[in-house]
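A closer look at the structure
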Amino acid sequence: MTPNSFAQQAHVVEILADAISAHVCDADSAIDKILSGMGNLSGVDRAYVFQRKACDLLDNTHEWCSQGVAPMIDVLQNMTMDIIAPWREGFERGEPLHVPSIDALDLDPDLRELLAMQGIVGILLVPVQWDGAIMGFVGFDQVKIASPFSSEVLRILIAVAGAVGSILARAAANREIVRTKTELEEAVTQLRHLVMHDDLTGAPNRRAFHLAIKSALECGEQQQTQTSVAMIDLARFKSVNEKYGHTEGDRLLSQIVQRWAVVRTDGVDIYRIGGDEFAVVLNDRNAERAMHKVIEHMRQALIEPFILGDQNTRIDMSAGLTVAPRDGTTADVLAANADLAVLTSKIEKGKTCAYSPDLRKLALQRHETAQDLLAARPDKDFVLTYQPIVDLHSGAIIKVEALLRWQHPTRGLLMPADFIDVLCGLDQSRKVGRWVLDTACRQVAEWNRRFSLDLVVAVNAFPLQVATFDFVLEVHNALHRCKLPVRCLEIEVTENITLQDGSLNLKVLKQLSDMSVAISLDDFGTGFASLNSVLEIDVQTLKIDRSFVLGLHPGDPRIEVLKAMQHMTKGLGIRSVVEGIEDEVVADIVRKIGFDAGQGYYWGRPVDARAFAGLLARERAGALKYG
């Protein structure tokens, strides 16, 4: 039993508080309330009281049982004191008996049979004394599963047993009752804290979060102010657990909450919802502006790296916010809409995003797309197209990129923008990725044999493929099956895949590089890549994102940025490909800057395998003219 199991039944805390205040007037009712309350709260299967009566006999006078557990109160009457003989000396000293597993006890056959008849597998017995004599005992049985009580639970249950004893002796022990009541009130206070706070970080938890929203909404209605709710997700936190283990991951979460403590000095609490998810609630006349300010403070608190093991680790965050009454008027609706906004924040590389009704429509569309993708067959419902990558100086096709299309049963042929983001988050992407790898390698191997070429095929890898060492074996097997030389394969990954600190991604890419598979970094300049990561995985090619050349013209200030990129790639010994070249003007500019290769509609749109074979045939015949 953990503090979490207590927190899951928070309403029992109120039952205990009522019982504590009522026991002086109605002892039996108070004991019954305490037993049922603590039984539900602690997760035991049976809670009971045995009282000593004349002739050294014991009666079961109060009992509570969980659902499905047989009651024993009618059976266990007029029991002799012999049933506690093995533990009597300890009971006389006021010592409780905690036995996580009955099998570990050395008992006489009759007593073992009595315990077996009750189905007891674990037990906690606490003596009830008055004036040095044993008045009886309070017991807590485990019937279904034997599991040791935590020290915190033991302390609280023992305090409860003390309260029961005091209630039984209340007429003669009023002072003892007051003392025990105080102890129980402290226990209830502690339980209330456990109910409302995260046991790892000490931050208020999900229950406290929803109550805070309701309170803020009530305040807003009374004072004519706004309530803002923000959801926060830590970026790449899963990779920290993978690299350093969950213990270090937990320590990192605690450190993050400690850094965020400065934000709380402004009267703003930060709630841990679960895992690496957090939330903020505030009430203000301009709540959206105030929330943006809080989120920015939280981001600033994460700038300095955290030390895990002996390495620096950086953590970023995504944030989505809602504002009431604009985006909803209940806690559930505001939280759900903030969740949708944080998903958009992840797509937009961590930018803080506010909820809009379009996000709900988009979420439904993504859900429908995901369901259709899960039903799609990689070898039947997907199509590969091929686009040439051209040497900027000779005009020859030196590479071909394999690009995925989805033949949707009702929506027709879909471009990657219509489904690729959803597919990247599904396990289905691994199956689709394997099919793409096999199909592209087989096709280019056939073209190379047919046209006597040494063409390289660039295959895009999905994030979930790169997140497992199975991908290394899949690449090796595909090359072997298709008889494609390793020099003719290039794996394209995006910057964000390479930079998931602590994940397997870098290790997997490093293994591919070690087996001489070329790694290409796609969309360079749009993500968060660091040169250290580029060098660590031994990138052979940088693909400059199309945004740097769209509408490029002589005198464009972006030319200086492109020159810096070209200088960097040359200095690192990395080949460069400029994407998105659509006309002769842009092609001429990037060629003069000194980039190695280009890709874009200027040389050809993505086409099916048959059309691309025709393109190769014409080039071989000298029909393809550069520029």
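Thresholds applied
As a convention, each chain's residues are numbered from 1 in the sequence order in which they are written. pLDDT decides what is reported in this predicted model: residues at 70 or higher carry local features, side-chain atom pairs at 80 or more are listed and counted, and totals for whole chains, interfaces and linings draw on all residues regardless. Calculation of side-chain values draws on the structure's entire complement of heavy atoms; hydrogens and water are dropped beforehand. Numbering of helices and strands runs from the N terminus; a helix is a DSSP stretch of H or I covering at least four residues, while a strand is a stretch of E covering at least two. Residue count minus one, scaled by 1.5 Å, sets the expected span of a helix. In this scheme, a residue with accessible area under 20% of its type's maximum is buried, one over 50% is exposed, and one in between is partly exposed, where area comes from a 1.4 Å probe on protein chains only. Directions pointing from the helix axis toward each C-beta atom define the arc. By definition in these notes, contact holds between two residues if any of their heavy atoms fall within 4.5 Å. Strands qualify as paired when DSSP identifies two bridges or more between them. Simply put, an axis is a line fit to the C-alpha atoms, just over the touching stretch for a helix, and the angle between two N-to-C directions goes from 0 to 180 degrees. Only centres within 6.5 Å qualify two rings of Phe, Tyr or Trp (six-membered ring in Trp) as a pair; their planes then separate them into stacked at under 30 degrees, edge-to-face at over 60, and tilted for everything else. By definition here, charges over rings are those cases where NZ of Lys or CZ of Arg is within 6 Å of the ring centre and within 35 degrees of the ring normal. Polar contacts, as counted here, are pairs of nitrogen or oxygen atoms within 3.5 Å of one another; within protein the pair requires one atom able to donate a hydrogen and one able to accept it, and residues that are adjacent in sequence qualify only if both atoms are side-chain atoms. Using a grid of 1 Å spacing that covers the protein atoms alone, one calls a set of points a cavity when a 1.4 Å probe fits there but cannot get out, and a pocket when the set is open and has protein on both sides within 12 Å along at least five of seven lines; lining residues are those with an atom within 4 Å of a point. Grid points are joined across faces, edges and corners, and a volume is the space filled by probe spheres set on the points. In this classification, the charged set is Asp, Glu, Lys and Arg, the nonpolar set is Ala, Val, Leu, Ile, Met, Phe, Trp, Tyr, Cys and Pro, and all remaining amino acids, among them Gly, are polar.

Look at helix H24 (residues 609-620): 16 Å from first C-alpha to last across twelve residues, which is about the 16 Å you get at 1.5 Å a residue. Within H24 the residues assigned to the buried category are Ala 609, Phe 612, Ala 613, Leu 615 and Leu 616. Looking down the long axis of H24, one finds its buried residues gathered within 155° of arc, a one-sided arrangement. The inward-facing, buried residues of H24 abut strand E14 (382-391), strand E15 (397-408) and helix H16 (428-451).

Here we have five strands laid out as an open sheet, ordered E8-E9-E7-E12-E13, and mixed in their pairing. Two strands lie at the open edges of the sheet, namely strand E8 (270-274) and strand E13 (353-354), each paired on one side alone. Across four bridges, the pairing between E8 and strand E9 (residues 277-284) is antiparallel. Within E9, the residue paired with Ile 270 across the bridge is Val 280. In this fold helix H8 (residues 206-223) packs onto strand E7 (226-235), E8, E9 and strand E12 (316-324), with an angle of close to 15° to the strand it touches most, E9.

Scanning the entire structure with this criterion turns up twelve aromatic pairs. Pairing Tyr 48 with Phe 50 gives two aromatic rings, centres 5.7 Å apart and planes at 80°, and the pair type is edge-to-face. Of the two residues examined, Tyr 48 and Phe 50, each falls in the buried class. Ring pairs connect the aromatic residues Tyr 48, Phe 50, Phe 91 and Phe 137, which therefore count as one cluster. Cation over ring: Arg 259 sits above Phe 306, and NZ or CZ is 3.6 Å from the ring centre.

Moving on, we get to the side chain of Thr 352. Considering the arrangement of structural elements, one finds Thr 352 in the loop between helix H12 (331-347) and E13. A relative accessible area of 16% means that Thr 352 is categorised as buried. A distance of 2.9 Å separates the side chain of Thr 352 from the side chain of Arg 299, its partner in a polar contact. Leave out the neighbours within four places in its chain, and Thr 352 touches His 292, Ile 295, Arg 299, Ala 319, Leu 321 and Ser 345.

This part covers empty space enclosed by the protein. In total, this model carries four cavities of 30 Å³ or more according to the counting rule given. Lining the largest cavity are 15 residues, with Ile 83, Leu 114, Leu 115, Gln 118 and Phe 137 positioned closest to its centre. Elements with a contribution of two residues or more to the lining of the largest cavity: strand E1 (46-53), helix H5 (109-117) and strand E5 (122-130). Among the elements that line the lining of the largest cavity, the one with the most residues is H5, at three residues. Considering only residue class, the lining of the largest cavity consists of 14 nonpolar, one polar and no charged.

Let us look at the sheet that holds E1. The strands that make up a sheet are held in pairs by hydrogen bonds between backbone atoms, and each pair lies either parallel or antiparallel. Read from one edge of the open sheet, six strands run E3-E2-E1-E6-E5-E4, paired in antiparallel fashion. Strands at the two margins of the open sheet, each flanked by one partner only, are strand E3 (79-80) and strand E4 (97-99). Taken together, the eight bridges between E1 and strand E2 (residues 57-65) define a ladder with antiparallel strand orientation. Each bridged residue has a counterpart across the sheet, and for Tyr 48 the counterpart in E2 is Glu 63. Running at roughly 55° to E2, helix H3 (residues 27-42) makes contact with E1, E2 and strand E6 (133-142) of the sheet.

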